[in-house]
Amino acid sequence: MRTPIIAGNWKMNKTPAEAETFANEIKDALNAIEGVDIAFCPPAIAIPAVAAAVAGTKIGVGAQNMYFEEKGAYTGELAPNMITPFCQYVILGHSERRGYFGETDEGVNKKIKAALAHGLTPIVCVGESLEQNEAGETHAFVSGQVKAAFDGLTAAQMAQCVIAYEPIWAIGTGKSATAEQAGEIIGKTVRGTVVAMFGDETAQAVRIQYGGSANEKNIAEYMKQPDIDGALVGGASLKPVFIELVQNAI
Ligand code: 13P
């Protein structure tokens with residue numbers, strides 16, 4: 001059985017002081033919820049404060065991005081060993097990184113390998129645009145993203161990864177995919193591609209999240225889908241209602 005994982009992607013919200021206050025506000029209630037892994041992914045500069053706030057709880061901390069090189073002349077980037085003292089997770093290949101900052105499948109693949117080499121659990125985002133969805137290209141596109149992202153991994157490495165299927169048209173729009181739609185793409189396309197690459201046993205170990213306007217009201221429907229193992233949550237992870245969301249997920 002896969003343990004569900006709910007991660008809050010705070011994106012570019014909350015200063016270090018706000019992030020610390022919020023983490024302290026919701027951590028005890030979240031820590032009391034059993035049967036689910038939980039992570040906060042604050043802006044990079046707030047990571048140390050949030051990690052200190054949740055120390056001693058079950059709540060993990062994730063970075064929203066990371067570079068694949070160990071050190072050097074890469075202005076503005078963070079190396080894996082700069083985040084490992086604070087983080088267990090790192091979100092890689094988010095559609096906002098791909099769309100606004102030019103991240104490529106090749107770069108995401110290198111970052112996944114670097115994260116795994118440093119003992120971090122990558123939360124790897126895939127998902128199609130509205131145009132691709134309407135053109136019936138979802139399966140081919142998302143399957144291609146999965147193939148490119150995990151190319152060259154061992155089965156053991158693959159089993160450690162978390163994948164987040166986030167249809168771009170559902171992110172921050174309030175227009176969530178139906179549980180059936182998400183369940184089918186996650187099962188057939190995302191997990192199906194991992195089966196084709198690494199075999200069924202490995203694919204059954206991989207946790208796959210839904211992301212895109214997930215909230216405390218719709219989370220239970222997603223979780224009923226056999227292939228959905230949690231959620232990567234944006235807007236609804238910025239407020240105390242995140243506690244309710246996690247409670248309703250299990
Ligand atoms: P929203 O939950 O705000 O739609 O964001 C989803 C997301 O992009 C999480 O990474």
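Model, not experiment: these values are computed from the prediction.

**Digging into the site of the ligand**
Residues in contact with the ligand amount to 13 residues; listed here are only the nearest, Lys-11, Glu-166, Gly-172, Ser-213 and Gly-235. Glu-166 is positioned such that a nitrogen or oxygen atom in its side chain is 2.9 Å from an oxygen atom of the ligand. Relative to its unbound accessible surface of 310 Å², the ligand loses 95% to contact with the protein. Here the residues of the shell around the ligand sort into four nonpolar, seven polar and two charged.

**Quick look at unusual backbone geometry**
In this model, Lys-14 sits at a positive phi of 80°, which is unusual for a non-glycine residue. Locating Lys-14 in the fold gives a position in the loop between β1 (5-9) and α1 (16-31). By relative accessible area, Lys-14 is classed as partly exposed at 23%. The backbone of Ser-213 shows a phi angle near 55°, a positive value even though the residue is not glycine. Counting through the fold element by element, Ser-213 comes out in the loop between β7 (207-211) and α11 (219-224).

**Here we look at the nonpolar core**
Formed by 71 residues in total, the largest nonpolar core has its most connected members in Ile-6, Leu-30, Phe-40, Ile-112, Phe-150 and Tyr-210. Per-element tally for this core: the top contributor is helix α9 (residues 179-198), with seven residues. With 11 residues, the next largest nonpolar core counts Ala-7, Cys-41, Tyr-89 and Ala-164 among its residues.

**Things to note about the side chain of Gln-225**
As for its position among the elements, Gln-225 is in the loop between α11 and β8 (230-233). Filtering out sequence-adjacent residues up to four positions away, Gln-225 remains in contact with Ala-179, Glu-180 and Gly-183.

**Focus on the packing of aromatic side chains**
Two aromatic rings are characterised by how far apart their centres lie and by the angle between their planes. By the definition in use, this model includes seven aromatic pairs. When the ring of Trp-10 is compared with that of Phe-40, the centres are 5.2 Å apart and the planes differ by 35°; the resulting orientation is tilted. Linking Trp-10 in the loop between β1 and α1 with Phe-40 in strand β2 (residues 37-41), this pair joins segments that are 30 residues apart in sequence. On the basis of relative accessibility, which here comes to 0%, the residue Trp-10 falls in the buried class.

**Side note on the sheet that holds β1**
As summarised here, the arrangement of the eight strands in space is β1-β2-β3-β4-β5-β6-β7-β8, forming a closed barrel in which the pairing is parallel. Adjacent strand axes in the sheet meet at a mean angle of 25° when their direction is disregarded. The pairing of β1 with β2 spans five bridges and is parallel. What sits directly across from Asn-9, in β2, is Cys-41. The sheet strands contacting helix α7 (residues 138-150) are β5 (121-126) and β6 (162-165), and the helix crosses β5 at an angle near 155°. Where helix α12 (residues 241-249) meets the sheet, its contacts fall on β1, β2 and β8, and the angle it forms with β1 comes to roughly 160°.

**Let's talk about the environment of Thr-104**
Residue position: Thr-104 is located in the loop between α4 (95-101) and α5 (105-117). Separated by 127 residues in the primary sequence, Thr-104 and Ala-231 have C-alpha atoms spaced 23 Å apart.

**Let's talk about the packing of α1 against helix α2 (residues 47-54)**
One can describe the packing of α1 onto α2 by two numbers: an axis separation of 8 Å at closest approach and a directional angle of 20°. By the angle between their axes, α1 is roughly parallel relative to α2. In this structure, α1 meets α2 at a crossing whose hand is right-handed. Residues Pro-16, Ala-19, Glu-20, Ala-23, Asn-24 and Lys-27 of α1 form the contact with α2, whose participating residues are Ala-49, Val-50, Ala-53 and Val-54. Here the residues of the contact of α1 with α2 sort into seven nonpolar, one polar and two charged.

**Notes on the environment of Asp-151**
One can find Asp-151 in the loop between α7 and α8 (155-160). For Asp-151, the residues in contact, after removing those within four places along its chain, are Asn-109, Lys-113 and Met-197.

**Observations concerning the pattern of salt bridges**
A full pass over the atoms with the stated rule returns 11 salt bridges. For Arg-2, the salt bridge goes to Asp-229, with nearest N and O atoms at 2.9 Å. Taken together, the positions of Arg-2 in the segment before β1 and Asp-229 in the loop between α11 and β8 put the pair 227 residues apart, joining distant regions of the chain. Of the two residues examined, Arg-2 and Asp-229, each falls in the buried class. Residue Lys-188 pairs with Glu-184 through a salt bridge whose shortest N-O separation is 3.3 Å.

The rules behind each value
Per chain, the residues get numbers from 1 upward, laid out in the order the sequence is written. In keeping with the predicted nature of the model, local features appear solely for residues at pLDDT of at least 70, side-chain atom pairs appear and are counted solely at 80 or more, and the whole-chain, interface and lining totals rest on all residues. Think of the side-chain values as coming from all heavy atoms in the structure, minus any hydrogens and water. Whether a residue is near a molecule or strand is decided by its heavy atoms; if any one of them lies within 4 Å of it, the residue is near. Whenever a nitrogen or oxygen atom comes within 3.5 Å of another N or O atom, the pair is scored as a polar contact, on the condition that within protein one atom can donate a hydrogen and the other can accept it, and that pairs from neighbouring residues in sequence are kept only if both atoms are in side chains. Working definition of accessibility: Shrake-Rupley area with a 1.4 Å probe, residue cover restricted to the visible protein chains. Following the grouping adopted for this structure description, the nonpolar residues are Ala, Val, Leu, Ile, Met, Phe, Trp, Tyr, Cys and Pro, the charged ones are Asp, Glu, Lys and Arg, and the polar ones are all others, Gly among them. Secondary structure elements are taken from DSSP: a helix is a run of H or I of four residues or more, a strand is a run of E of two residues or more, and numbering for both begins at the N terminus. Burial status follows relative accessibility: with a 1.4 Å probe on protein chains alone, a residue under 20% of its type maximum counts as buried, one over 50% as exposed, and anything between as partly exposed. Residues belong to a common nonpolar core when they are buried Ala, Val, Leu, Ile, Met, Phe, Trp, Tyr or Cys residues joined through side-chain atoms within 4.5 Å. Any pair of residues with heavy atoms lying within 4.5 Å of one another is described as a contacting pair. Aromatic rings from Phe, Tyr and Trp, taking only the six-membered ring of Trp, are treated as a pair when their centres fall within 6.5 Å; an angle between ring planes under 30 degrees marks them as stacked, one over 60 as edge-to-face, and anything in between as tilted. For two strands to count as paired, DSSP must find a minimum of two bridges between them. Between N-to-C directions, angles cover 0 to 180 degrees, with each direction set by a line fitted to C-alpha atoms, over the stretch in contact for helices. By definition in this entry, angles of less than 35 degrees are roughly parallel, angles greater than 145 are roughly antiparallel, angles of 65 to 115 are roughly perpendicular, and the rest are oblique. For a crossing to be left-handed, the near helix must be turned anticlockwise from the far one by less than a right angle; the clockwise case is right-handed. The salt bridge definition used is simple: a Lys or Arg side-chain nitrogen within 4 Å of an Asp or Glu carboxyl oxygen.

Read these as layout, nothing more, since geometry by itself doesn't imply function.
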